[in-house]
There are 2 protein chains.
Amino acid sequence: MKVAMVQNNPVFGEKNENIKELFKLMERGSADIYILQELAYTGYQFRSKSELQELSDTADNETILKFKEKAVQKNSCIIFGFSEMGGDGKIYNSSMLVTPEGKTVIYRKTHLFYKENLFFTPGNSGFIVHEWRGIKIGLAICFDWFFSESFRTLALMGADIIAHCSNLVMPYCQTADYARAIENRIYIATVNRIGAEERTDEKLTFTGQSVLVSPKGDYLIKAPVDETGIFIHEIDTTLSRNKQLNEFNHVLNDRRDLFYKKG
Amino acid sequence: MKVAMVQNNPVFGEKNENIKELFKLMERGSADIYILQELAYTGYQFRSKSELQELSDTADNETILKFKEKAVQKNSCIIFGFSEMGGDGKIYNSSMLVTPEGKTVIYRKTHLFYKENLFFTPGNSGFIVHEWRGIKIGLAICFDWFFSESFRTLALMGADIIAHCSNLVMPYCQTADYARAIENRIYIATVNRIGAEERTDEKLTFTGQSVLVSPKGDYLIKAPVDETGIFIHEIDTTLSRNKQLNEFNHVLNDRRDLFYKKG
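Computed from a predicted structure; not experimentally measured.

Asks: How should I be thinking about the state of the cysteines in this particular structure?
Replies: A covalent bond bridging the sulfur atoms of two cysteines is what the word disulfide describes. All names here are of chain B. Evaluation of the coordinates by the stated rule reveals zero disulfides over all chains. Looking at the unpaired Cys-77, the closest cysteine sulfur is the one in Cys-165, lying at 11 Å. The closest cysteine sulfur to the non-disulfide-bonded Cys-142 is located on Cys-173, 7.2 Å from its own sulfur.

Here it is in structure tokens:
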């Protein structure tokens, strides 16, 4: 099972051009699963809610249809971030998984970062794991990583790999993924964008360096900080399903929930 | 507030000699809080339960008295790991915090590692935070680190620093402490031993390199892999108590417990 991480540098607001560019990058390599970044084709730094609204897509409009067609054409599963205009009239920072069989799954970001709180509604989908052709794909978006409970939840739900669509501006995640991977014995694919946006009085620089980390903490992919590209690696679910650290310790079953504080 | 981490290489079974050596290392530097390793003066690789029993101490016997006297003499708080003969006749892998005011607190390791399961009883104390002279000290022992819930629990209980007494043989913890520190915005003092033991057909090599990590993920101390010593650094509770990552995000309050799986 081959996973591709597509690292891009979208131009704010240029949806069609950005999608073309993403699809061009996808053509450069062949994989079973393609993971794209958070808000993959809109850009990130919105000036107003109305601007965001204009760039948002409903779950089944013609923008989304392009990804569905691409999944069929590539006979692959595609996961990408987008601004979702919900049926409830609210806008979510979401990711969608589309399969060549026509299945779609939407995850709505649980933990909004920084000024996203001004524009988006906090996700209400809960974490989602979707099994496709024998691999269990967990969905998470950017800042979700910061809370260990997010990837832990996906691991407890059986995820082999976390499709972690990101627009990271803090310097922590790519390093911290090491802990997240080994503590859960899962693959983590943090797909990040490069470049910068300065549409307000604040400049946001995205940290690039998309990483694929193995259940043993090996960095199978570490993409460049400032280049777009497609990065592909094989993953092996026998590794992510063996939670036995040694003959006495199981990384999930050894948890002693009784002693953990939740509040 | 100064924290000292004492990295030692005990000789198996030589309790008195090991304590002398620990105290000698402690004399090399002055600090408010001294943190020693897991099973600080017994050694680690027990051959049998009866051997372990002989090397165990009750909470108030004359071995423990030495540490209490040392705390008074140094006017410092000392945290050290020991094999505790409980009042219930069971043996726990514990750490004790002793203060110059005569207070003692015992934490019993929640998550036993590997063959410890053959000898020790799993801890039943739950996680503990003790406030001393204005600093909140959380207690954890070695493998507890592997479960993100452990340090999260201590952070939710208000810990500024985690006194993490360890005998690490796996290569992960010192690197993973980075994630544990930033996700909770706390200091982590992983105090590890050096050297090796080969009292059975299995050789155990301890990884040394005790680390003190700041709430921002800076490695304030990174001790050598194979040298004993005392390593001292100032800590600042204003850093560990500021959980505001930016004006919108709080590292603990932004948790969305409703969406976290516990089972």
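Asks: Could you clarify how one ought to interpret empty space enclosed by the protein in this entry?
Replies: The rolling of a water-molecule-sized probe over the atoms marks out the regions of remaining empty space. One pass over the full model with this rule turns up three cavities of 30 Å³ or more. Its volume calculated, the largest cavity comes out at about 170 Å³. Taken together, 18 residues form the lining of the largest cavity, with Glu-149, Arg-255 and Lys-262 of chain A together with Glu-149 and Lys-262 of chain B sitting closest to its centre. Those elements that provide at least two residues to the lining of the largest cavity are helix H5 (148-156) of chain A together with helix H5 (148-156) of chain B. A breakdown of the residues in the lining of the largest cavity according to their chemical character gives two nonpolar, four polar and 12 charged. The computed volume of the second largest cavity comes to approximately 70 Å³. In terms of lining, the second largest cavity is formed by Tyr-44, Phe-113, Glu-116, Cys-142, Phe-143, Trp-145, Asn-167, Leu-168, Val-169 and Met-170 of chain A. Here the residues of the lining of the second largest cavity sort into eight nonpolar, one polar and one charged.

Asks: Can you help me understand the relation of the copies chain B and chain A in this one?
Replies: The operation relating the pair of chain copies consists of a rotation about an axis and a translation along that axis. With an RMSD of 0.0 Å, chain B superimposes on chain A once it is rotated by 180 degrees and translated 0.0 Å along the axis. These values place the two chain copies in the arrangement generated by a two-fold rotation axis. Most of the interface of chain B is mirrored in chain A, where 100% of its interface residues again form contacts.

Asks: Where do I start with the side chain of Gln-45 of chain A in this structure?
Replies: Residue and element names in this part refer to chain A. Mapped onto the fold, Gln-45 is located in the loop between strand S2 (33-35) and helix H2 (49-55). In this structure Gln-45 comes out as buried when scored by relative accessible area, which is 6%. In this structure the side chain of Gln-45 is engaged in a polar contact, spanning 2.7 Å, whose partner is the backbone nitrogen of Arg-199. Sequence-distant contacts of Gln-45, that is, excluding residues within four places in its chain, are made with Phe-12, Glu-51, Glu-197, Glu-198, Arg-199, Thr-200, Glu-202 and Leu-204.

Asks: Looking at this structure, I do not really get the packing of H5 of chain A against H5 of chain B. What am I missing?
Replies: The angle between the axes and the distance between the axes are what describe a pair of packed helices. Look at H5 of chain A against H5 of chain B: their axes get within 11 Å of each other, and the N-to-C directions meet at 145 degrees. H5 of chain A and H5 of chain B meet at a crossing whose hand is left-handed. Residue-level contacts link Ser-148, Glu-149 and Arg-152 of chain A of H5 of chain A to Ser-148, Glu-149 and Arg-152 of chain B of H5 of chain B. For the contact of H5 of chain A with H5 of chain B, the per-class residue count stands at no nonpolar, two polar and four charged.

Asks: Even after reading the chapter, I still don't get unusual backbone geometry, so can you show me in this structure?
Replies: Note: most peptide bonds trans; most residues except glycine with negative phi. Residues and elements named next belong to chain B. Phi at Leu-39 takes a positive value of approximately 40 degrees, unusual for a residue other than glycine. With respect to the helices and strands, Leu-39 occurs in the loop between strand S2 (33-35) and helix H2 (49-55). A positive phi angle, close to 50 degrees, is found at Arg-133, a residue other than glycine. Topologically, Arg-133 is positioned in the loop between strand S6 (128-132) and strand S7 (135-141).

Asks: Would you mind showing me how to read the sheet that holds strand S14 (residues 229-234) of chain B here?
Replies: Whenever strands of a sheet pair, they do so through backbone hydrogen bonds, lying parallel or antiparallel. Residues and elements named next belong to chain B. Read from one edge of the open sheet, six strands run S5-S4-S3-S2-S1-S14, paired in mixed fashion. Sheet topology places strand S5 (104-108) and S14 at the edges, where each strand pairs with a single neighbour. On average, each strand axis in the sheet is tilted by 25 degrees relative to the strand beside it, whichever way the strands run. The strands touched by helix H1 (residues 15-27) within the sheet are strand S1 (2-7), S2, strand S3 (77-85) and S14, with S1 carrying the most contacts at an inclination of about 140 degrees. Against the sheet, helix H3 (residues 62-74) engages S2, S3, strand S4 (91-98) and S5, with an angle of about 175 degrees to S3.

Asks: Teacher, can you tell me more about the sheet that holds strand S13 (residues 219-222) of chain B here?
Replies: Residues and elements named next belong to chain B. Taking strand neighbours across the sheet as the criterion, the six strands line up as S6-S7-S8-S9-S12-S13 in an open arrangement whose pairing is mixed. Edge positions in the open sheet fall to S6 and S13, since each of these has one partner strand only. Averaged over all pairs of adjacent strands, the angle between strand axes in this sheet comes to 15 degrees, irrespective of strand direction. Examined bridge by bridge, S7 and strand S8 (residues 161-165) share five bridges and lie parallel to one another. What sits directly across from Ala-140, in S8, is His-164. Contacts between H5 and the sheet are confined to S6, S7, S8 and strand S9 (187-191), with S7 contributing the most and set at about 160 degrees to the helix.

Procedures and definitions
- Residues numbered from 1 in each chain as written.
- Chains lettered and ligands numbered in written order.
- Predicted model: local features only at pLDDT ≥ 70, side-chain atom pairs only at ≥ 80, totals over all residues.
- Heavy atoms only, no water.
- Disulfide = S-S within 2.5 Å.
- 1 Å grid on protein atoms, 1.4 Å probe; cavity = no way out; pocket = protein on both sides within 12 Å on 5 of 7 lines; lining within 4 Å.
- Points joined across faces, edges and corners; volume = space filled by probe spheres on them.
- Helix = DSSP H or I, 4+ residues; strand = E, 2+ residues; numbered from the N terminus.
- Nonpolar A, V, L, I, M, F, W, Y, C, P; charged D, E, K, R; others polar.
- Least-squares fit on C-alpha atoms with pLDDT ≥ 70 in both.
- Contact = heavy atoms within 4.5 Å.
- Buried < 20%, exposed > 50% of the residue type's maximum accessible area, 1.4 Å probe, protein only.
- Polar contact = N/O pair within 3.5 Å; in protein donor to acceptor, adjacent residues only side chain to side chain.
- Axes fitted to C-alpha atoms, helices over the stretch in contact; angles between N-to-C directions.
- Left-handed = near helix turned anticlockwise from the far one by under 90°.
- Pairing = 2+ DSSP bridges.

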